[in-house]
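Architecture and fold: a report
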Amino acid sequence: MELPDFMSHASYFSANDFLEKISRVAKRAGAKLVYASLILYYTLQSDRVSKTDKALIIGALGYMISPFDVIPDAYPIVGLSDDMAVLLYVLRKVWTNIDPDIQQKAKDKLPSWFDEDEIEETAHLFDGEE
């Protein structure tokens, strides 16, 4: 899958809109997408991350929030695949800046939406990429 121009969606990002969207689509999106999103969201708040990486994260999270996706989120199953591809791409780009504390903070939030079996899927975040 070719990545869309996700950086053009940076203006859609806001912390409130992000948290609202995650709460709304969590079950449909799956634990991996939510976990990847939360890692990026918490990484964005870190002062150890460069402005360039923060711009990438804002672009990716803005793309996820944006109503103008390459594949609209309303389509079952495939609707969030472009979002996941963008999130994983950016996650790989900034992975060296992600502290284990950030990963744990994201994982600690998952029980709000998922049971233990679903959360276990996040251990293989990069498996089965789009």
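Residues numbered from 1 in each chain as written. Predicted model: local features only at pLDDT ≥ 70, side-chain atom pairs only at ≥ 80, totals over all residues. Heavy atoms only, no water.

Two elements in contact, helix α3 (residues 51-65) and helix α4 (residues 81-94), have axes separated by 9 Å at closest approach and are oriented at 170°. Considered as vectors, α3 and α4 are oriented roughly antiparallel to each other. Here the hand of the crossing between α3 and α4 comes out left-handed. Seen from α3, the contacting residues are Asp53, Leu56, Ile57, Ala60, Leu61, Tyr63 and Met64; seen from α4, they are Asp82, Asp83, Val86, Leu87, Val90, Lys93 and Val94. Looking at the contact of α3 with α4 residue by residue, the class counts come to 10 nonpolar, no polar and four charged. (Axes fitted to C-alpha atoms, helices over the stretch in contact; angles between N-to-C directions. Helix = DSSP H or I, 4+ residues; strand = E, 2+ residues; numbered from the N terminus. Parallel < 35°, antiparallel > 145°, perpendicular 65-115°, else oblique. Left-handed = near helix turned anticlockwise from the far one by under 90°. Contact = heavy atoms within 4.5 Å. Nonpolar A, V, L, I, M, F, W, Y, C, P; charged D, E, K, R; others polar.)

Below, the discussion takes up a negative patch on the surface. A cluster of like negative charges, contributed by Asp115, Glu116, Asp117, Glu120 and Glu121, occupies part of the molecular surface. Along the chain, the position of aspartate 117 falls in helix α6 (residues 116-120). (Patch = residues over 30% accessible without salt bridge, like charges linked within 9 Å, V, L, I, M, F, W, Y side chains within 5 Å. Areas by Shrake-Rupley, 256 points an atom, 1.4 Å probe, with all protein chains shown as cover. Salt bridge = Lys/Arg side-chain N within 4 Å of Asp/Glu carboxyl O. Lys, Arg positive; Asp, Glu negative; His and termini not counted. Charge placed at Lys NZ, Arg CZ, Asp CG, Glu CD.)

Attention now goes to helix α2 (residues 31-44). Taking 1.5 Å per residue as the helical rise, α2 with its 14 residues ought to reach 20 Å, and the 20 Å between its terminal C-alpha atoms agrees with that figure. Among the 14 residues that make up α2, 13 are buried, leaving the element largely enclosed by the rest of the structure. (Expected span 1.5 Å × (residues − 1). Buried < 20%, exposed > 50% of the residue type's maximum accessible area, 1.4 Å probe, protein only.)

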